[in-house]
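# Examining the three-dimensional arrangement
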Amino acid sequence: EDVSGLKEDVSGLKEDVSGLKEDVSDLKKDVAFLNDRMEVVEKRSRESAILLETDVARDLRRLYEGQIEIKHKVDALTVEVQQRAHKSDEFVLESIVSRHSEELKEHARRLEALENAS
């Protein structure tokens, strides 16, 4: 029962991690899109040799700031995914060690009972 519970917990964590990976993937796509947009705007500006107006510069700054914010979120999600994976691994290992310790104690009791019966 303990192992099946652990498997369910690990399965749930894997689903959470999978969801986070999808979120990170979506954020990376958003960043790539923003990078592409920035390149297009820069190219149009150079080709037309038009000075950027104040509102365009402001929008570009907002895009850049948004890109930075997205990068910070991606970094935070990556750290969270890694932490969850480590916690999951630690929990599984602690459970295995605990179960094995109990099994060893039970075997020692049985061995002692056999020796006393002899």
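Residue numbers restart at each chain and count upward from 1, following the sequence in its written direction. This being a predicted model, a pLDDT of at least 70 is required before a residue's local features are given, and a value of 80 or more before pairs of side-chain atoms are given or counted; all residues contribute to the totals for chains, interfaces and linings. Hydrogens and water molecules were not included; the side-chain quantities draw on all heavy atoms of the structure.

## A word on the overall build of the chain
A tally of regular secondary structure across the chain gives 2 helices and 0 strands. It is over C-alpha atoms that the radius of gyration is taken, and the globule rule equals 2.2 Å times the number of residues to the power 0.38. Taking 2.2 N^0.38 as the reference for a compact globule, 118 residues should give roughly 13 Å; the C-alpha atoms of the chain span a radius of gyration of 28 Å, well beyond that estimate. Projecting the C-alpha coordinates of the chain onto the three principal axes gives extents of approximately 100 × 20 × 15 Å. In the chain, once contacts between residues fewer than 6 apart in sequence are set aside, the share between residues at least 24 apart is 88%. Each accessible area value is a Shrake-Rupley result obtained with a 1.4 Å probe; residue values ignore everything except the protein chains displayed when judging cover. Total accessible area computed for the chain in this model is approximately 9,700 Å², and 54% of it derives from carbon and sulfur atoms. Within the chain, the 29 negative side-chain charges are centred at a point lying 5 Å from the centre of the 20 positive side-chain charges. Every helix listed is a DSSP run of H or I at least four residues long, and every strand listed is a run of E at least two residues long, numbered separately from the N terminus. Contact definition: two residues touch when any of their heavy atoms are within 4.5 Å. We count Lys and Arg on the positive side and Asp and Glu on the negative side, and we leave His and both chain ends out. To locate a charge, take NZ of a lysine, CZ of an arginine, CG of an aspartate or CD of a glutamate.

## Concerning the side chain of serine 88
Tracing the sequence through the fold places serine 88 in helix 2 (residues 54-117). Among all residues touching serine 88, those that are not within four sequence positions of it are Val10 and Leu13.

## Some words on the pattern of salt bridges
Criterion for a salt bridge: a side-chain nitrogen of Lys or Arg within 4 Å of a carboxyl oxygen of Asp or Glu. Applying the stated criterion across every chain yields a total of 9 salt bridges. Salt-bridge contacts for glutamate 69 lead to lysine 73; the nearest nitrogen and oxygen are separated by 3.4 Å. With glutamate 69 and lysine 73 both in helix 2, this residue pair falls 4 residues apart, about one helical turn. Partly exposed residues are those whose accessible area sits between 20% and 50% of the maximum for their type, while under 20% is buried and over 50% is exposed, using a 1.4 Å probe and protein chains only. Judged by relative accessible area, glutamate 69 falls into the partly exposed class, the value being 46%. By relative accessible area, lysine 73 is classed as partly exposed at 45%. Between arginine 109 and glutamate 106 there is a salt bridge whose closest N-O contact spans 2.8 Å. With arginine 109 and glutamate 106 both in helix 2, this residue pair falls 3 residues apart, about one helical turn. The partly exposed category is assigned to glutamate 106, whose relative accessible area is 30%. The network of salt bridges with common partners includes Asp16, Glu80 and Arg84.

## Details of a negative patch on the surface
Patch members must show over 30% relative accessible area and no salt bridge, and they are joined within 9 Å when carrying like charges or within 5 Å when they are nonpolar side chains of Val, Leu, Ile, Met, Phe, Trp or Tyr. Together, Glu22, Asp23, Asp26 and Asp30 line one region of the surface with negative charge. Relative to the assigned elements, aspartate 26 resides in helix 1 (residues 2-48).

## Some points on the environment of alanine 85
Structurally, alanine 85 is set in helix 2. Spatially, the C-alpha atom of alanine 85 lies 14 Å from that of leucine 6, the residues being 79 residues apart in sequence.

## Quick look at the nonpolar core
Residues enter a nonpolar core if they are buried and are Ala, Val, Leu, Ile, Met, Phe, Trp, Tyr or Cys, with the set joined through side-chain atoms within 4.5 Å. Val17, Leu20, Val24, Leu27, Val31, Leu34, Ile70, Val74, Leu77 and Val81 together form the largest nonpolar core, which totals 10 residues. Listed by contribution, the elements that provide at least two residues to this core are helix 1 and helix 2. Element by element, the count of residues in this core is highest for helix 1, at 6 residues.

Functional significance is not addressed by these values, which are geometric in nature.
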